[in-house]
Amino acid sequence: MKCLLIASESAEILFHWTDQEFQQNVQEKYRSSQEEGEGLPAFEDIISTLFAPIIISCGTMVYRQGDSYTSFTTENNHIYVLCQFDECLYIAVNGDGEEKEDDLRRKLYVMRKITEVMFGMVTLSGSLLRKELRPQDTEQRVRLWKHLQSLLDTYNYLRENDQSFLVEAVERLIHPTLCEQCIEFLERRLVQQINSSSQVERAGEEVLHTFILVHTKLLAFYSSRTASTLNTSDLLTLIIMAQNMYPSNVELDEPSPEDAESTSGSGPESFYTPEPSPSSRDSSSSEQPARGSTPVFEFVDPDIQMAEDSLHTLEISPPDPSTPRRVFLELKDGQLPMVPHSMYCLPLWPGITLVLLTKVPNIQLTRSVYSFLEDFTKLEKCLNEGQAGSGAARGQLNMHNTRSKLDKFIRDLGPNELQCVQLLNVWTEFKNRAFTRGGSGFNKDLIPLCKSMKTQLCSLYRQRFLTESGSADGPRCLSPALQERAQTMVQEKLMDWKDFLLVKSKRNITMVSYLEEFPGLVHFIWVDRSSGQIIAPSLSITERTTSELGKGPVAHYIKSKVWGLVRTTRQYLRKGYSTVTLRDGDFYFCYFLWFENENGYRLEAGDIPILPDDSLPIGMLGYDYYR
C-alpha cells in the first residue's frame, strides 16, 4: 500500500504514483460509497478528492502560521509524510508497514531530485512546473507520468536490492588494469574523436563527461579538462535514468555457477584470460539487441491504471538511443545548479551501457538567469521581512548593478521572441516602480513584481532549454552516425571482456581476501563520502546463487540485517553518534564515521550535529548530508 503525489497550492494533482494494492483499496472504498449503477470516475479524480482536505489544510496552516505538519499516522496505521518544495506539496503514503517515516521522506527528496534533473530551474516556478508535469495534451501527460512512475519504480527497486543505492554512493568495478585502459580509451579515442568532428555532426555540442556502466557499477569515468566535477547526487540520478532506459534483467544477465566460480574462487585473487574475439558468423548473437527487445523489470506492473482510464492501454515505445534526454546538473560543487546537458545512453550489450554527457549551446545563459533569480529572491526575502527603504535594499543587494546587467542581458537577447518581450515588459514596470522618482520605491508593493520577474526568467530558461525548437534550425544533437561510431568503438574495445564484466559485476570483490585479517567477518560496507564511492562484497539474492552466502535463509537474513543496520545507524547519526555497536544473537553490527585529511591522516571528528526526526534525509542522493 504505497502512494506518492505532487500537488499544487490549489490542490491540483500534478503527478501521482501508486502501487496496485493502494489503487484497489482506494477504488473499493470509493465504490462502496457510490450509488448502485453509478460508475467509478477516473482514478485521478478519486485521488484528488481523497487528498484535497490534506492539501488544503496544509496550505492553510502555512498561510496562517507560516508552518505545517510534516507527518502523521492514521487510525489504520497509514503513515503520511509531507514536504513543501517551493510552491508544490509532495506527499508520500505507506500502509503496509514496509516503509518508515525516514524512508518516505527520502523517497520525496529523491523524487524532487529527479524533477530537478529533468526540468532544471523550471522547478523554481510553481506555474511553469505545473505546465511541465501536467501538460494540456492528455496523451502527452499520460506518457510523462508513466515515465516518472517508471523512474520511481526503478529507484525503489535499486534501493531495496542494490547496496550502492542503499547507502547512496557509487560502486566501481575493481579491476585497475582494465579500468585504466578504458579511461585512457575514453579520453584519447572516444571523446577526442567526437569533439574534433564537424560542427554539423556535433550540432554545436561538446562531450564533457562519459562513463561506462555494467549494471549499476561504474567501469570507467572520464571528464574533459574544461568540465566541472560531476557530483555524486547527479551521477546516482543518471544511473537511475540509465537503468530505467535499459533495465538489468537479473535472471537473464546472471552468470552461470561455473562462471561465478571463476571470479570468486577460494584464493585471495582470481585471474581471467579473455576468449578470442568471435568470428563474424558467431558475433551476430553478440550484436546490439533490437530496441523492441529491451528487457523490463519484472516488478513493473503493466496493468497499473493511469489517470485517464480510457488511455490506460497507451504503450510507451522503447527508448531511441539516438534521441538524447535533456538533463540539468550542478556545476562547481553546487554554486551553479541545474545547468543543461544532453544525456546519450547507448546500449553496448544487455547490462553494459555507454553514457555521454554533452554541453549544449548557449549554456552561458544559465549563469545569467541563475544570478538574476538569486538577486530577486534576496530582494523578495528582504521586503517580506520588512526591510523596506531604498537605502537598505540597494545597499545590500546592489540592485543598481543588477539593473545595468539585466538591461544588457535583455538587449543581447533580441526583441523578436515573445518571451523576451514579456520579460522586457515586466522588467520595465519593475524599474518604473523601484527606480523612478514617482515610483513607490523598495517596499512590499514590489513583491508581486519580484515573483513575476522570477517567473519570466524561468520561462525564458524553459523556452531555451526545454521547449522543442522548430526543424528550421536543424538537428540539435549528435548525429546518429556519430553516435553509432562511438558505440561501435567501445564495443570493439570491450568485445573480449564483456562476459567477464557481467560476471565481475556480480562478484566485484569477495570476502575471502579479508578473512585472514578479519576472522569472523561476515560482511562490510566501506564508503568514502568525499568522493561518494562504495566498496562492498556482493549481496545479490536471486533464484540462482550470486552471493558467497548462497541463496538460502542465511543470505536473506544477512541482507535484511544489513539493510536494517543502515536505517538504524542513520537514526543514531541524526542524534549525534558517530560510532554504533549492536548485537543480535551471535552477530555483531558496527558502524563508524571518521574524518581524514587529503593525506589519509585521521582527524578529530568534533561534534556531530543533532538533528530533529523530521530533518532532511541522511545520504547523498536527494540531499547531500555530508557536504
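Residues numbered from 1 in each chain as written. Predicted model: local features only at pLDDT ≥ 70, side-chain atom pairs only at ≥ 80, totals over all residues. Heavy atoms only, no water.

A.B. asks: Please give an account of the packing of helix α12 (residues 364-384) against helix α14 (residues 399-413) that cites residues and values.
C.D. replies: Between α12 and α14, the least distance of the axes is 11 Å, while the angle of their chain directions is 145°. Where α12 crosses over α14, the two elements pack in a sense that is left-handed. Residue-level contacts link L365, S368, V369, F372, D375, F376 and L379 of α12 to M399, T402, K405, L406, F409 and L413 of α14. In terms of residue class, the contact of α12 with α14 is made up of nine nonpolar, two polar and two charged. (Axes fitted to C-alpha atoms, helices over the stretch in contact; angles between N-to-C directions. Helix = DSSP H or I, 4+ residues; strand = E, 2+ residues; numbered from the N terminus. Left-handed = near helix turned anticlockwise from the far one by under 90°. Contact = heavy atoms within 4.5 Å. Nonpolar A, V, L, I, M, F, W, Y, C, P; charged D, E, K, R; others polar.)

A.B. asks: I'd like to hear about the packing of aromatic side chains, residue by residue, with values.
C.D. replies: Under the counting rule described, the total for this entry stands at 19 aromatic pairs. Residues Y572 and Y577 carry aromatic rings whose centres are separated by 5.8 Å and whose planes lie at 80° to one another, so their mutual orientation is edge-to-face. Note on Y572: relative accessible area 31%, which makes it partly exposed. Ring pairing ties together the aromatic residues F51, Y69, F72 and Y80, which thus form one cluster. (Phe/Tyr/Trp six-rings, centres within 6.5 Å; stacked < 30°, edge-to-face > 60°. Buried < 20%, exposed > 50% of the residue type's maximum accessible area, 1.4 Å probe, protein only.)

A.B. asks: Outline empty space enclosed by the protein, supporting the account with residue identities and numerical values.
C.D. replies: It is the rolling of a water-molecule-sized probe over the atoms that shows where space remains empty. Tallying each qualifying case throughout the model produces one cavity of 30 Å³ or more. Approximately 50 Å³ is the volume found for the largest cavity. Lining the largest cavity, in full, are D103, R106, R159, F165, L166, W563, R567 and R570. Going through the elements one at a time, α3 (101-119), α6 (163-167) and α20 (553-574) are the ones with two or more residues in the lining of the largest cavity. No other element matches the three residues that α20 contributes to the lining of the largest cavity. (1 Å grid on protein atoms, 1.4 Å probe; cavity = no way out; pocket = protein on both sides within 12 Å on 5 of 7 lines; lining within 4 Å. Points joined across faces, edges and corners; volume = space filled by probe spheres on them.)

A.B. asks: Which residues make up the sheet that holds strand β13 (residues 533-535), and what values do they have?
C.D. replies: Strand order in the open sheet formed by three strands is β6-β13-β12, and the pairing between neighbours is mixed. The open sheet is flanked by β6 (170-171) and β12 (526-528), the only strands paired with a single partner. Relative to β13, β12 runs antiparallel, the two being bridged by three bridges. Paired with W526 across the strands is I535, a residue of β13. (Pairing = 2+ DSSP bridges.)

A.B. asks: Describe unusual backbone geometry, and please don't skip the residues or the numbers.
C.D. replies: A positive phi is found at N77, a non-glycine position, where the angle reads about 65°. Along the chain, N77 falls in the loop between β3 (71-73) and β4 (79-85). Positive phi values are uncommon outside glycine, yet N362 reaches one of about 60°. For N362, a relative accessible area of 43% gives the class partly exposed.

A.B. asks: Outline the sheet that holds strand β2 (residues 13-18), supporting the account with residue identities and numerical values.
C.D. replies: The strand order across the open sheet formed by five strands is β2-β1-β5-β4-β3, and the pairing between neighbours is antiparallel. With one partner strand each, in any of the chains shown, β2 and β3 form the two edges of the open sheet. Strand-to-strand twist in this sheet, taken as the mean axis angle between neighbours without regard to direction, amounts to 10°. Direction of pairing for β4 relative to strand β5 (residues 88-94): antiparallel, over a ladder of seven bridges. Paired with Y80 across the bridge in β5 is V93. The sheet contacts of helix α2 (residues 43-65) involve β1 (2-7), β2, β3, β4 and β5, and relative to β2 the element is tilted by about 115°.

A.B. asks: Could you give an account of the pairing of strand β14 (residues 579-584), with specific residues and numbers?
C.D. replies: As paired elements, β14 and strand β15 (residues 587-592) share six bridges and run antiparallel to each other. Counted as the bridge partner of V580 is Y591 from β15. Joining the antiparallel neighbours β14 and β15 is a turn of two residues, in which G585 adopts a positive phi near 65°.

A.B. asks: Pulling in residues and values, what's your account of a nonpolar patch on the surface?
C.D. replies: A surface patch of nonpolar side chains, amounting to about 320 Å² of accessible area, comprises W526, F592 and W594. Inspection of the secondary structure assignment puts W594 in the loop between β15 and β16 (595-596). The exposure class assigned to W594 is partly exposed, which follows from its relative accessible area of 34%. (Patch = residues over 30% accessible without salt bridge, like charges linked within 9 Å, V, L, I, M, F, W, Y side chains within 5 Å. Areas by Shrake-Rupley, 256 points an atom, 1.4 Å probe, with all protein chains shown as cover. Salt bridge = Lys/Arg side-chain N within 4 Å of Asp/Glu carboxyl O.)

A.B. asks: I'd like to hear about the confidence of the model for the protein chain, residue by residue, with values.
C.D. replies: On average, residues of the protein chain score 83 in pLDDT, and 82% of them reach the 70 mark or higher. Across residues 257-315, confidence stays below pLDDT 50; counting only partners more than four residues off in sequence or on other chains, it has 93 contacts. (pLDDT = per-residue confidence, 0-100.)

A.B. asks: Mind laying out the packing of helix α1 (residues 20-32) against α2, listing which residues take part and the relevant values?
C.D. replies: For any two helices packed against each other, the geometry is given by the interaxial angle and the distance between the axes. At a minimum axis separation of 11 Å, α1 and α2 run at an interaxial angle of 80°. If you check the angle between α1 and α2, you find them roughly perpendicular. Contact residues: α1 offers F22, Q23, V26, Q27 and Y30, while α2 offers F43, I46, I47, L50 and F51. Along the lines of polarity and charge, the residues of the contact of α1 with α2 split into eight nonpolar, two polar and no charged. (Parallel < 35°, antiparallel > 145°, perpendicular 65-115°, else oblique.)

A.B. asks: So what's going on with the side chain of S615? Residues and values would help.
C.D. replies: You can see S615 is positioned in the segment after β17 (602-603). A polar contact is formed between the side chain of S615 and the backbone oxygen of P612, at a distance of 2.8 Å. If near-sequence neighbours (up to four positions away) are discounted, S615 is found in contact with R105 and R574. (Polar contact = N/O pair within 3.5 Å; in protein donor to acceptor, adjacent residues only side chain to side chain.)

A.B. asks: Outline the pattern of salt bridges, listing residues and values.
C.D. replies: Tallied over the full model, the rule gives 31 salt bridges. With a closest N to O distance of 3.1 Å, E168 and R106 form a salt bridge. Here E168 is found in the loop between α6 and β6, whereas its partner R106 is found in helix α3, with 62 residues between them in sequence. With a closest N to O distance of 3.4 Å, E201 and R485 form a salt bridge. Placement of the pair is E201 in helix α8 (residues 199-202) and R485 in helix α17 (residues 480-494), with a sequence separation of 284 residues. Note on E201: relative accessible area 22%, which makes it partly exposed. Assessed through its relative accessible area of 33%, R485 is described here as partly exposed. One network of salt bridges, in which partners are shared, links E99, D103, K107, R159, E160 and R567.

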